[in-house]
Amino acid sequence: MKRFCNAVKRVPWWGWAFGVGYFALQRGMYRLGEWLSRLLGTVSYAFECKIAPIDDLFPLVPAWVLIYVVVSYLFWVSGPVVASLTKRRNFVNYLFGLTLAM
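Quick caveat, the model's predicted, so the values are computed rather than measured.

Structural notes on the overall build of the chain
Thinking step 1. Looking only at helices and strands, one finds 5 helices and 0 strands in the chain.
Thinking step 2. Listing the helices and strands of the chain from first to last along the sequence gives α-α-α-α-α.
Thinking step 3. Computed over the C-alpha atoms, the radius of gyration of the chain is 18 Å, more than 25% above the 13 Å expected from 2.2 N^0.38 for a compact globule of 102 residues.
Thinking step 4. Considering only C-alpha atoms, the chain reaches an extent of 45 × 30 × 20 Å along its principal axes.
Thinking step 5. The buried share of the chain, taken over its 102 residues, is 18%.
Thinking step 6. Within the chain, residue pairs in contact and separated by at least 24 positions form 69% of the contacts whose partners lie at least 6 positions apart.
Thinking step 7. Counting only carbon and sulfur atoms, one obtains 72% of the accessible surface of the chain, whose full area is about 8,400 Å².

Now the structure itself:
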């Protein structure tokens, strides 16, 4: 536990700021998409990008949805935090790539 606390203390402020900021951006984009779909009246199929021949092969297991959400939230926050522990140039490259991917 002491090693974990020391690792957390080593994270620069910009790592936490961008970690929380990108998490807020990601959540905000989902909320914006939902709001726009309600505004445009496309709510019933707004986020359904399904490729039936492939997606029907894999059943939806409700327990995995919770695991997916928790892991993705952790990834959104921890990615910039971990990248901030490297050289500043690596951190900037990571943020640039993450921004382009979003």
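Okay, back to it.
A word on the environment of Leu98
Thinking step 1. Within the secondary structure, Leu98 is located in helix H5 (residues 88-101).
Thinking step 2. The sequence separation of Leu98 and Trp76 amounts to 22 residues, and the corresponding C-alpha distance is 9.9 Å.
Thinking step 3. Sequence-distant contacts of Leu98, that is, excluding residues within four places in its chain, are made with Tyr22 and Pro80.

Observations regarding the nonpolar core
Thinking step 1. Formed by Trp14, Tyr22, Ala83, Phe91, Leu95 and Leu98, the largest nonpolar core amounts to 6 residues.
Thinking step 2. Listing elements by their share of this core, those giving two or more residues are helix H2 (13-40) and H5.
Thinking step 3. By residue number, the principal contributor to this core is H5, which donates 3 residues.

Some points on the packing of aromatic side chains
Thinking step 1. This structure, assessed with the given rule, holds 7 aromatic pairs.
Thinking step 2. Plain terms: the ring middles of Tyr73 and Trp76 are 5.3 Å apart, the flat faces sit at 35° to each other, and that makes the pair tilted. Here the residue Tyr73 and the residue Trp76 both occupy positions in helix H4 (residues 62-83), the gap between them amounting to 3 residues, near one helical turn.
Thinking step 3. Take Tyr73: its relative accessible area is 29%, and that puts it in the partly exposed class.
Thinking step 4. Ring pairs connect the aromatic residues Phe23, Tyr30, Tyr73 and Trp76, which therefore count as one cluster.
Thinking step 5. Between Arg88 and the ring centre of Trp14, over which it is positioned, the NZ or CZ distance is 4.2 Å.

A word on the confidence of the model for the chain
Thinking step 1. Per-residue confidence for the chain gives a mean pLDDT of 82; residues scoring 70 or more make up 93%.
Thinking step 2. When the elements of the chain are averaged for pLDDT, helix H1 (residues 2-10) gives the smallest value, 75, and H5 the largest, 88.

Criteria and cut-off values
In every chain, residue numbers begin from 1 and rise along the written sequence. Per-residue local features are limited, in this predicted model, to residues with pLDDT of at least 70; the limit for side-chain atom pairs, both in listing and counting, is 80 or more; totals at the level of whole chains, interfaces and linings are taken over all residues. In computing side-chain properties, one takes all heavy atoms of the structure into account and sets aside hydrogens as well as water. Strands are runs of DSSP state E lasting at least 2 residues, helices are runs of H or I lasting at least 4, and numbering of each runs from the N terminus. For the radius of gyration, the atoms used are the C-alpha atoms, and the globule rule reads 2.2 Å times the number of residues raised to 0.38. Categorising residues by exposure relies on relative accessible area from a 1.4 Å probe, with only protein chains included: less than 20% of the type maximum marks a residue as buried, more than 50% marks it as exposed, and the intermediate range marks it as partly exposed. Any two residues whose heavy atoms approach within 4.5 Å at even a single point are treated as in contact. With residues, only the protein chains shown are counted as cover, and all accessible areas are computed by Shrake-Rupley using a 1.4 Å probe. To qualify as a nonpolar core, a set must consist of buried Ala, Val, Leu, Ile, Met, Phe, Trp, Tyr and Cys residues joined through side-chain atoms within 4.5 Å. Only rings of Phe, Tyr and Trp enter the pairing, Trp through its six-membered ring, and a pair is recorded when the two centres are within 6.5 Å. The plane angle decides the type: under 30 degrees is stacked, over 60 is edge-to-face, the rest tilted. Geometrically, a charge over a ring is one whose NZ (Lys) or CZ (Arg) sits within 6 Å of the ring centre while staying within 35 degrees of the ring normal. Note on scores: pLDDT gives the predictor's confidence for each residue, bounded by 0 and 100.

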